[in-house]
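# Observations on chain architecture
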Amino acid sequence: SLGPVIKLEDLEVNVEKFAVKRGGKNIKLSAREFKLLVYLLYSKGQTLSKDKLISHVWDGDSLVVPNTVEVYMGYLRKKIDKAFPDKPPLVQTVHGFGYRLGKRTDV
């Protein structure tokens, strides 16, 4: 495993402590946002479809609609990107495909 701390550029996530930091600043996430971020980090560089995100982050809950994923990606983006306007955004939307964190590695 990647150990308790996963990093992407200046973003650090401690999986055991549920702690998220960017540039040394603490970021508060809900449990669901945290789960979404961790899954994106474990798959960093890969584009994940909304269906894939629903099956991993919402455990395939049939009541979850693709729009829910968009809403949560918006929350994440606000907290880890928009809150740091002087830093490059980490959350990428791949139109028609889904989302990824960081630069593409699945080309």
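Here's what I pulled together on the structure shown here.

Glancing now at the overall build of the protein. Within the protein, the secondary structure is distributed over three helices and six strands. Scanning the protein from its N terminus toward the C terminus, one meets helices and strands in the order β-β-β-β-α-α-α-β-β. Taking 13 Å as the expected radius of gyration for a compact globule of 107 residues, we find that the protein reaches 13 Å, a close match to that expectation. For the protein, the spread of C-alpha atoms along the principal axes amounts to about 35 × 30 × 25 Å. The long-range share in the protein, meaning contacts at least 24 apart out of those at least 6 apart in sequence, stands at 53%.

Okay, the pattern of salt bridges next. For the structure shown, the criterion picks out seven salt bridges. Between Asp 10 and Lys 87 there is a salt bridge, and its shortest N-O distance comes to 3.0 Å. Separated by 77 residues along the polypeptide, Asp 10 in the loop between strand E1 (5–8) and strand E2 (11–14) and Lys 87 in the loop between helix H3 (66–82) and strand E5 (91–94) bring together distant segments of the chain. In this structure, Asp 81 engages Arg 22 in a salt bridge whose closest nitrogen and oxygen atoms are separated by 3.2 Å. Taken together, the residues span a long stretch of sequence, with Asp 81 in helix H3 and Arg 22 in strand E3 (residues 19–22) at a distance of 59 residues. Take Asp 81: its relative accessible area is 6%, and that puts it in the buried class. Taken together, the shared-partner salt bridges in this structure form one network comprising Asp 10, Arg 22, Asp 81 and Lys 87.

Applying the stated criterion to the full structure yields three aromatic pairs. Ring centres of Trp 58 and Tyr 72 lie 5.4 Å apart, and the angle between their planes is 75 degrees; this geometry places the pair in the edge-to-face category. Residue Trp 58 is found in the loop between helix H2 (50–57) and H3, and its partner Tyr 72 is found in helix H3; the two are separated by 14 residues along the sequence. With relative accessibility at 21%, the residue Tyr 72 sits in the partly exposed group. Here the aromatic cluster, defined as three or more aromatic residues joined through ring pairs, consists of Trp 58, Tyr 72 and Tyr 75.

For the rest of this paragraph, the subject is the environment of Asp 86. Tracing the backbone shows Asp 86 in the loop between H3 and E5. The class of Asp 86 is exposed, set by a relative accessible area of 66%. For the pair Asp 86 and Arg 22, spaced 64 residues apart in sequence, the C-alpha separation works out to 12 Å.

Across a sheet, strands are paired by hydrogen bonds formed along the backbone, either parallel or antiparallel in direction. Within the open sheet, the four strands sit side by side as E1-E2-E3-E4. Their pairing is antiparallel. Edge strands, defined here as strands with exactly one partner in the open sheet, are E1 and strand E4 (25–27). Between one strand and the next, the sheet's axes are offset by a mean angle of 25 degrees, whatever the strand orientation. Where E3 lies against E4, three bridges are found, and the strand directions are antiparallel. When the sheet's bridge partners are listed, Arg 22 is paired in E4 with Lys 25. With respect to the sheet, helix H1 (residues 31–42) is in contact with E1, E2 and E3, its orientation differing from that of E2 by roughly 115 degrees.

Scoring rules and cut-offs
- Residues numbered from 1 in each chain as written.
- Predicted model: local features only at pLDDT ≥ 70, side-chain atom pairs only at ≥ 80, totals over all residues.
- Heavy atoms only, no water.
- Helix = DSSP H or I, 4+ residues; strand = E, 2+ residues; numbered from the N terminus.
- Rg over C-alpha atoms; globule rule 2.2 N^0.38 Å.
- Contact = heavy atoms within 4.5 Å.
- Salt bridge = Lys/Arg side-chain N within 4 Å of Asp/Glu carboxyl O.
- Buried < 20%, exposed > 50% of the residue type's maximum accessible area, 1.4 Å probe, protein only.
- Phe/Tyr/Trp six-rings, centres within 6.5 Å; stacked < 30°, edge-to-face > 60°.
- Pairing = 2+ DSSP bridges.
- Axes fitted to C-alpha atoms, helices over the stretch in contact; angles between N-to-C directions.

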